[in-house]
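Observations on chain architecture
Single-letter residue listing:
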Amino acid sequence: IVLPGMLVLGGCGASKSGGSASGSGKSGIQQRTIKAGIGLNEDHPEGQGMIKFKELVEKKSGGKMKVQNFFSATLGDDQKMTEALQGGLQEVTVPSTSPLVGMIKEYGIFDFPFVFNTEEEAYAVLDGKVGQELLKKLPEHNLIGLGYWENGFRNLTNSKHPVKTAEDFKGLKIRTMQNEVHLDAFKKLGANPSPMAFSEVFTALEGKTVDGQENPLATIKSSKYDEVQSYLSMTKHVYTPFVFLVSKKFWDGLSEEEQKIMKDSAVEAGKYQRDLNRKENEKALKDLEKAGMKVNEVSDAEKEKMKEIIKPVTDKYAKKFGEDLVNQMMDEVDKARNQ
Ligand code: KDG
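Residues numbered from 1 in each chain as written. Predicted model: local features only at pLDDT ≥ 70, side-chain atom pairs only at ≥ 80, totals over all residues. Heavy atoms only, no water.

**A closer look at the pairing of strand β10 (residues 239-247)**
Summarising burial for β10: 9 of the 9 residues are buried, a large majority. Here β10 shows two buried faces, one formed by Tyr239, Pro241, Val243, Leu245 and Ser247 and the other by Thr240, Phe242, Phe244 and Val246. The sheet contact formed by strand β3 (residues 92-93) and β10 spans 2 bridges and is antiparallel. Across the sheet, the residue bridging to Thr93 is Leu245, located in β10. Pairing of strand β4 (residues 143-153) with β10, which is carried by 8 bridges, proceeds in the antiparallel orientation. Each residue of the ladder has a partner; that of Gly145, found in β10, is Leu245. (Buried < 20%, exposed > 50% of the residue type's maximum accessible area, 1.4 Å probe, protein only. Helix = DSSP H or I, 4+ residues; strand = E, 2+ residues; numbered from the N terminus. Pairing = 2+ DSSP bridges.)

The structure is reproduced here in structure tokens:
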């Protein structure tokens, strides 16, 4: 178990070029192999997005640039793969933003519970000024960010009882991502959170080291948590983005043409991935019910109560991450909501 306080990713050499999507000065397309890894399985919309990315890169480069995909954390968890990118040992990974908060604290604003009501509100922030400004913080950590894909709204599963009210969190041992906001928010609700890499979650649930976990429906289904969890509570408590990362060492060696192929493919595959993810979340709910999970809704009034309980946590972290940035995010959400 790695505690959030320890989450400092290495390899933070300052960069001169800033790693923008243009200006490498080189031209042409070389034979290249791009090693890409994710934590989720191939059948998950993120896995399908990676397959689309591979198709696009290979097509746009006339077969010269090859993508080798590795799924199911075979290259390691989000944090390990991010470090491999920084060291130039791997070219691409698409982690949740949450485990990156030890490196770029501002990413923590996306971990505030109950900010977004719909995916469209999240897209407005991620594809707008706030999300794009945060991508600019990556090059100084030897990373290039080509945009945001979708992990999605997270819901709670556990093996003990349905969670319908804020009270129901009390005493539940819940695996959280390695992220201080998640950890403190679940503590505040009276749960007993345990931060853990994604690749360890199934075994922890099966062995009852923890009672529950929280993830989007597509992940609950793809990772077969229904085999080890009885209750699914539709808390929809937080929206997690994925960020498409490229090793800056690799990026800086690419020609402008090659950089464009990478960027266009990541964006196009991202649109496909987001659409697929929303569809799969709907389908997954039915499949999980069919598989025997007991599903319960959580009322808006109860979600408001949870939000109130967590408020001291979000207030504390808003100060840490920057109140201006949080206000900017909330303004963009309001705009998208009232459109
Ligand atoms: O491929 C992404 C996964 O490694 C991870 O980010 C999934 O949301 C996730 C979690 O709970 O760790």
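**Remarks on helix α5 (residues 180-188)**
One turn of the α-helix equals 3.6 residues, which is why residues spaced by three or four share an orientation. By the criterion of burial, α5 is predominantly enclosed, with 7 of the 9 residues buried. Glu180, Val181, His182, Leu183, Asp184, Ala185 and Phe186 are the residues of α5 that are buried. Contacts made by the buried residues of α5 are with β6 (173-176), β7 (192-195), β8 (212-215) and α10 (300-321). Between the side-chain oxygen at the start of α5 and the backbone nitrogen of Val181 there is a gap of 2.9 Å, and the oxygen is on Asn179. Backbone geometry just downstream of α5 places Gly190 in the positive-phi region, at approximately 90°. (Contact = heavy atoms within 4.5 Å. Polar contact = N/O pair within 3.5 Å; in protein donor to acceptor, adjacent residues only side chain to side chain.)

**Considerations on the packing of aromatic side chains**
What the rule picks out here adds up to 11 aromatic pairs. Aromatic side chains Trp149 and Phe244 sit 5.3 Å apart centroid to centroid with 50° between the ring planes, which places their arrangement in the tilted category. Of this pair, Trp149 sits in strand β4 while Phe244 sits in strand β10, placing them 95 residues apart in sequence. Side by side, Trp149 and Phe244 carry an identical accessibility label, which is buried. Between Phe169 and Phe186, the ring centres sit 6.1 Å apart and the planes meet at 55°, which makes this aromatic pair tilted. Here Phe169 is found in the loop between β5 (155-158) and β6, whereas its partner Phe186 is found in helix α5, with 17 residues between them in sequence. Ring pairing ties together the aromatic residues Phe53, Trp149 and Phe244, which thus form one cluster. In this structure, Lys52 packs its charged tip against the face of Tyr272, placed 4.7 Å from the ring centre. (Phe/Tyr/Trp six-rings, centres within 6.5 Å; stacked < 30°, edge-to-face > 60°. Lys NZ or Arg CZ within 6 Å of the ring centre and 35° of its normal.)

**Here we look at the packing of helix α3 (residues 119-126) against helix α11 (residues 323-337)**
Any two packed helices are characterised by the angle at which their axes cross and by the distance between the axes. Where α3 contacts α11, the two axes come as close as 9 Å, and the packing angle between them is 130°. Considered as vectors, α3 and α11 are oriented oblique to each other. In terms of crossing hand, the pair formed by α3 and α11 is right-handed. When α3 is examined against α11, the residues Glu121, Ala124 and Val125 are found in contact with a partner set consisting of Met329, Glu332, Val333, Ala336 and Arg337. Here the residues of the contact of α3 with α11 sort into 5 nonpolar, no polar and 3 charged. (Axes fitted to C-alpha atoms, helices over the stretch in contact; angles between N-to-C directions. Parallel < 35°, antiparallel > 145°, perpendicular 65-115°, else oblique. Left-handed = near helix turned anticlockwise from the far one by under 90°. Nonpolar A, V, L, I, M, F, W, Y, C, P; charged D, E, K, R; others polar.)

**Overview of the domain arrangement of the protein chain**
In terms of domains, the protein chain is made up of domain 1 (32-104 + 111-150 + 241-282) and domain 2 (155-238 + 287-337). Inter-centroid distance (C-alpha atoms) of domain 1 to domain 2 is 23 Å. Contacts between the two partners involve 30 residues from domain 1, matched on the other side by 38 residues from domain 2. In this assembly, domain 1 packs against domain 2 so that about 2900 Å² is buried in total across both faces, 63% of it on carbon and sulfur atoms. (Domains from an automatic or database assignment. Buried area = accessible area lost by both parts, 1.4 Å probe.)

**Some thoughts on the environment of Leu288**
Positionally, Leu288 belongs in helix α9 (residues 256-290). With residues up to four places along the chain from it excluded, the contact list for Leu288 reads Leu217, Ile220, Lys221, Asp226, Leu232 and Met293.

**A closer look at the sheet that holds strand β2 (residues 65-70)**
The strand order across the open sheet built from 5 strands is β2-β1-β3-β10-β4, with neighbouring strands paired in mixed fashion. Strands with a single pairing partner mark the edges of an open sheet, and in this sheet they are β2 and β4. Sheet topology places strand β1 (residues 32-37) next to β3; 2 bridges connect them, and they run parallel. The residue of β3 that forms the bridge with Gly37 is Thr93. Here helix α1 (residues 45-60) sits on the sheet in contact with β1, β2, β3, β4 and β10, set at roughly 165° to β2. Relative to β10, α3 is tilted by about 40°, and along the sheet it contacts β4 and β10.

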